[in-house]
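If you want the building blocks of each chain, they are given just below.
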Amino acid sequence: MKKISIIGTGYVGLVTGVSLAALGNSVVCVGRQESKAKDINHGKSPYYEPGLDSLIKDMVKKKRLTATTDFDMAVANSDITILAVGTPTINNKIDLTAIKEATRQIANVLKNKKIYHVVAVKSTVVPGATENIVKPLLPSGVGLCMNPEFLREGNAVEDALHPDRIVIGQLNEKSGRVFSEIYKKNTCPKIFTSLKTAELIKYTSNALFAALISFSNEIARISQKTGVDVVNVWDAVHLDNRLAPVVNGKRIRPGFISYLYSGPGFGGSCFPKDTKAFRAYAQSIGENAQVIDSVIKINDSQPLQTIALLQKELKSLKGKKIAVLGFSFKPDTDDIRESPALTIISELIRLKAHVIAHDPVAKLPDGTIFKQVTVAPSVSKALEKADGVIVVTSWQDYKKLTPDDFKSKMKQAIVVDARRIYDKNTFVKAGIRYSGIGYENEN
Ligand code: NAD
């Protein structure tokens, strides 16, 4: 059992903390807000994430997990400190301010500590940052690792408890050996690398999935202009044995296939900022990063494809009542960071539509634009007398909606299905004016 302090109680810090506690370690999560620490110590998650509340409760009860705002005490009383602070982008470049500040504070505590201590960077940072920015701030003799995180929000607890692999970038053999003890109970492959290899693995992984999404969306645009439904294209392409092999008569569908679908573009706290930071990093070393650049450009304009479909049906959106279903960037999370729904809503407001929006869990951000949105308490209230609806997030509750749910409530049953979650033929037959990403109603 290792004593671990985790700096940052965001989505990654907290999920990492609770899962490391579940693996038998003693974990203290360090945040800045007293109220958040209090919630965690009372067994309550500050975020919506399936399974997180109950695991926090369990770990707090077993006294393996606590939360505090006392940074110095937490670091002093642990063997390993994990950095899980935010690494946003400013002007499309990574901003390492939080990493530097937290490292300086860790260093201040460790300079008086005699026992061997390992600092591990879990935040996503550009290649070279751990070695060139974090290491020089730490006292000599402190162990250093870079341990990228691959969890997916919405499935974060499961991903953190049962990762497909654990990547440990190590400054030296001792750092990696001591740090990897926290994952002793995980049986998945553990890959020991240099610090910058670990950093590059994380960016490559995110850039790959983002590229699959933008590629799918480029195909959606081409399909639409060709008068073809992109769903028919993907259904056939996905059956290729090279993508989904048949083993013992059963087709094995690898997880990446789910990124090869067309939609309103990627959002969330990772792909948008990480692709931009990665492009800036590549450019800083003299590489153009043309693929990543195109991935970002396609994604930036993708949410607006839904508005164009709506305009095709309604012409002017001025004064029209438009329902938007879903604010979170994907289902099973309340995270709205860089959600395509926010771009869609802002554009609808700019076009002077009356927006009434719903999400089962997420909340809209503050700000003058979003104050103009009416938030509906239920789907049926959102759809009431609406001239059109854009279904942005594929929440299970929305997938269950039938043509009649739309027809019985809306003034005009115009449905733009940004995630292609409905069966087009059923909707068209039922008299819905149906279109979606990669399919334009031709009548
Ligand atoms: P987040 O913004 O939700 O959380 C970061 C937290 O760190 C915030 O609560 C902030 O207050 C806190 N913090 C910053 N400086 C601090 C300090 N000195 N002391 C105490 N707390 C401090 O971010 P996140 O989504 O948890 O992501 C964290 C990192 O992990 C990022 O680098 C991100 O790219 C990476 N990552 C995120 C995901 C994801 O799905 N969210 C997945 C993999 C990797």
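Note that the structure is a prediction, hence the values are computed from the model and not measured. (Residues numbered from 1 in each chain as written. Predicted model: local features only at pLDDT ≥ 70, side-chain atom pairs only at ≥ 80, totals over all residues. Heavy atoms only, no water.)

Caption draft 1: A look at the overall build of the protein. Scanning the protein from terminus to terminus reveals 19 helices and 18 strands. Against the 2.2 N^0.38 benchmark of 22 Å for 443 residues, the protein shows a C-alpha radius of gyration of 24 Å, consistent with a compact globule. With respect to the three principal axes, the spread of C-alpha positions in the protein is 75 × 45 × 45 Å. Burial statistics for the protein: of 443 residues in total, 54% are counted as buried. Averaging the locations of the 61 positively and 44 negatively charged side chains of the protein gives two centres separated by 2 Å. (Helix = DSSP H or I, 4+ residues; strand = E, 2+ residues; numbered from the N terminus. Rg over C-alpha atoms; globule rule 2.2 N^0.38 Å. Buried < 20%, exposed > 50% of the residue type's maximum accessible area, 1.4 Å probe, protein only. Lys, Arg positive; Asp, Glu negative; His and termini not counted. Charge placed at Lys NZ, Arg CZ, Asp CG, Glu CD.)

Caption draft 2: Highlighting the domain arrangement of the protein. On domain assignment, one finds that the protein holds domain 1 (3–193), domain 2 (196–301) and domain 3 (302–443). Placing the centre of domain 1 and that of domain 3 at their C-alpha centroids yields a distance of 38 Å. Contact residues are listed per partner, giving 8 residues for domain 1 and 10 residues for domain 3. Summing both sides of the interface, domain 1 and domain 3 together bury roughly 660 Å²; the carbon and sulfur share of this comes to 46%. Among the residues domain 1 hides against domain 3, the three largest losses belong to Tyr11, Tyr48 and Glu153. Together they make up 78% of the total. (Domains from an automatic or database assignment. Contact = heavy atoms within 4.5 Å. Buried area = accessible area lost by both parts, 1.4 Å probe.)

Caption draft 3: Spotlight on the site of the ligand. Around the ligand, a shell composed of 24 residues is seen, among which Val12, Thr87, Thr124, Glu153 and Lys273 lie nearest. Between the ligand and Arg32, the relevant distance is 3.4 Å, taken from a nitrogen atom to a side-chain nitrogen or oxygen of the residue. A distance of 3.0 Å separates an oxygen atom of the ligand from a polar atom in the side chain of Arg337. Bound to the protein, the ligand loses 87% of the 830 Å² it would expose on its own. Looking at the shell around the ligand residue by residue, the classes come out as 10 nonpolar, 7 polar and 7 charged. Residues lining the shell around the ligand come from more than one domain, with at least three contributed by each of domain 1 (3–193) and domain 2 (196–301). (Near = heavy atom within 4 Å. Polar contact = N/O pair within 3.5 Å; in protein donor to acceptor, adjacent residues only side chain to side chain. Areas by Shrake-Rupley, 256 points an atom, 1.4 Å probe, with all protein chains shown as cover. Nonpolar A, V, L, I, M, F, W, Y, C, P; charged D, E, K, R; others polar.)

Caption draft 4: Structural view of the pairing of strand β2 (residues 26–30). Taking burial as the measure, the 5 residues of β2 include 4 buried ones, the bulk of the element. Pairing geometry for strand β1 (residues 3–7) and β2, over 5 bridges, is parallel. By the bridge assignment for β2, Lys3 is matched with Ser26. In the classification by handedness, the crossover that spans β1, the intervening helix α1 (residues 11–22) and the parallel β2 is right-handed. In the sheet, β2 pairs with strand β3 (residues 65–68) via 4 bridges, with the strands oriented parallel. Counted as the bridge partner of Cys29 is Ala67 from β3. (Pairing = 2+ DSSP bridges. Right-handed = clockwise from strand over helix to strand, strands pointing away.)

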